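Coordinates in review
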Amino acid sequence: LNPRTHSLKIPPPSEKDWLKEDEEDFFLLDPDQKRDVLPQPFRMINKLVMQVFESAMEIIERREMCREAQKLKVQPQKCFPTAEFQVTERANCLAVSGKYIFVGLSVGLAAFNMGDFKDAYAWDAAKTEICAIHASDLGNKCHVLLAVDEMGLAWLFCFHKGSFLLIKVLNEVEDISQRSTCVEVVLSLGGDYAGILLQGNTKAWLEVYQLPKDSWLTEIEKNTGAAEELACSERRSHCSSEHTTSSQVGTFLLQELPASAIQDNVELDPPVLLLTVRPPKPITGTTFNGPLDALKEVDDGSMFGLGYNHLIKASQWELQEAIFCSTYQEYLEAEGVIKEEIPRYATFHFLLPSRILAGPEMKARPDIPAGIGVHWDGNHNFCFYLLNRSLEENADSDLKPDVVWPCAAPIACSAVSSCSRYLALAGEDATITIWDKHLGYPLSVTAILEERFIRSIYFL
């Protein structure tokens, strides 16, 4: 007997078993929190504390990543001084030549021996402050120094065995009102030439001197030998007066003699003024009567490449300037008109022999400079001058460059590689050009970002 009168079905769930909206993620909750839910405002405090912990963990992870990245980088080597030299006055500049460090002080010069870090020599006869110094090794333990003091005087020294020998003050004159100020000095590698840039009241010029280092070395060697013989005879007479044996007489060292006594009476030949380079003059109207006169000047090699041998009259220059000013008047008023002036500062480099610095029948040693390269501030031309000039030529004459390299923009700075083959020219338009001086053509041209001005450039 079956008492059921309806078919078998799954009964529908009751309303009390339905899930509420806030309990849909009940399976993610901690069962203990069912009974320990914090009331307000503690829940808000708990939320803020958890956010602080999460932010702290993000900062910690970020710092850990930075530490790991820093460990992967190549760490610079820390160098500590191996010796310390004590000077009594303020040190302004220094130069290194051979095993000596020359320091310009507020009252003179000092030299330190890097071999034993003990020997120190000083020169303070003039009590002048040295602001810049250049040094070059001449060989045979001799060094040539070119220093500039606070008054703009250029001092030329020869250093030998602990003695500073003053050769000449290059720009010293009797009338102090006519004195020119030295603003830059350069010594060639090996000490064959020296260049000084001088400025007067209204003009500037570059003087290049040839240093007779061979005669200096000969004179110093001869004087040193005579001084050593004199010291030997004095030592022998002193030893014999004390009844010492002959074997004891021959065991003294010449190095124990005072080095300053060897060169007290040495007079070295002064340097010879080889050439004087003056800044280019502004281009003006032509003085030629016709094309034939201009071609004659070009055939003579007069000022070739500087733009002086043109046939533009002064009236044409004035008309061109008037047209330019009327066309760009609004821009000229905003920026101001800058009149062309004769430059008063130059950068120059001594250059080793190359194809562009090979004159007619020129035989030059590869380690002695054959020319000098000069560019003046605000000028487009890089000028080369040969150094194999006769000493009988007038050094004060209007010297013209042997080679001219024009650039698209005014040259801001320049640099020469250690081998003297590569020349880098940086223009005021932030363009760097690398020239192969041996072959005479550019290797690369690099343009820096706009609105940038290059102040210095170096080869590494």
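Residues numbered from 1 in each chain as written. Predicted model: local features only at pLDDT ≥ 70, side-chain atom pairs only at ≥ 80, totals over all residues. Heavy atoms only, no water.

An unreviewed UniProt entry lists the chain under the name WDR93 protein, with Sitta europaea as the source organism.

1. Regarding the nonpolar core
With 25 residues, the main nonpolar core has L146, L156, I196, L211, W216 and L268 as its most contacted residues. Sorting elements by how many residues they give to this core places strand β6 (residues 142–149) first, with 4 residues. Aside from chain neighbours lying at most four places away, what touches W216 is L138, V144, L156, I167, L211, L268 and D269. Of all hydrophobic cores here, the second largest spans 21 residues; its members include V186, V277, A346 and I368. (Core = buried A, V, L, I, M, F, W, Y, C linked by side-chain atoms within 4.5 Å. Buried < 20%, exposed > 50% of the residue type's maximum accessible area, 1.4 Å probe, protein only. Helix = DSSP H or I, 4+ residues; strand = E, 2+ residues; numbered from the N terminus. Contact = heavy atoms within 4.5 Å.)

2. Focus on the sheet that holds strand β2 (residues 100–105)
Across the sheet, which stays open at both edges, the 4 strands sit in the order β1-β2-β3-β4 with antiparallel pairing between neighbours. Since the sheet does not close on itself, it has two edges, and those belong to β1 (91–97) and β4 (120–123), each with one partner. Pairwise comparison of adjacent strand axes, ignoring direction, gives a mean angle of 20° for this sheet. Where strand β3 (residues 108–113) lies against β4, 4 bridges are found, and the strand directions are antiparallel. The residue bridging A110 from the neighbouring strand is A122, located in β4. (Pairing = 2+ DSSP bridges. Axes fitted to C-alpha atoms, helices over the stretch in contact; angles between N-to-C directions.)

3. As for the sheet that holds strand β14 (residues 371–376)
Spatially, the 4 strands line up as an open sheet ordered β13-β14-β15-β16, and their pairing is antiparallel. Sheet topology places β13 (346–351) and β16 (403–406) at the edges, where each strand pairs with a single neighbour. Averaged over all pairs of adjacent strands, the angle between strand axes in this sheet comes to 20°, irrespective of strand direction. Here β13 runs beside β14; their pairing, made up of 6 bridges, is antiparallel.

4. Here we look at the layout of surface pockets
Within this model, the second largest pocket holds a volume of roughly 920 Å³. Contributing to the lining of the second largest pocket are 31 residues, with V186, L187, H349, F350 and V416 lying nearest its centre. At the level of elements, β5 (130–139), β9 (181–187), β13 and β17 (411–416) are the ones that each hand at least two residues to the lining of the second largest pocket. Counting residues per element, the lining of the second largest pocket draws most heavily on β13, which supplies 5 residues. Tallied by class, the residues present in the lining of the second largest pocket amount to 17 nonpolar, 10 polar and 4 charged. Composition of the lining of the second largest pocket by domain shows at least three residues from each of domain 1 (91–215 + 267–277) and domain 2 (291–447). (1 Å grid on protein atoms, 1.4 Å probe; cavity = no way out; pocket = protein on both sides within 12 Å on 5 of 7 lines; lining within 4 Å. Points joined across faces, edges and corners; volume = space filled by probe spheres on them. Nonpolar A, V, L, I, M, F, W, Y, C, P; charged D, E, K, R; others polar. Domains from an automatic or database assignment.)

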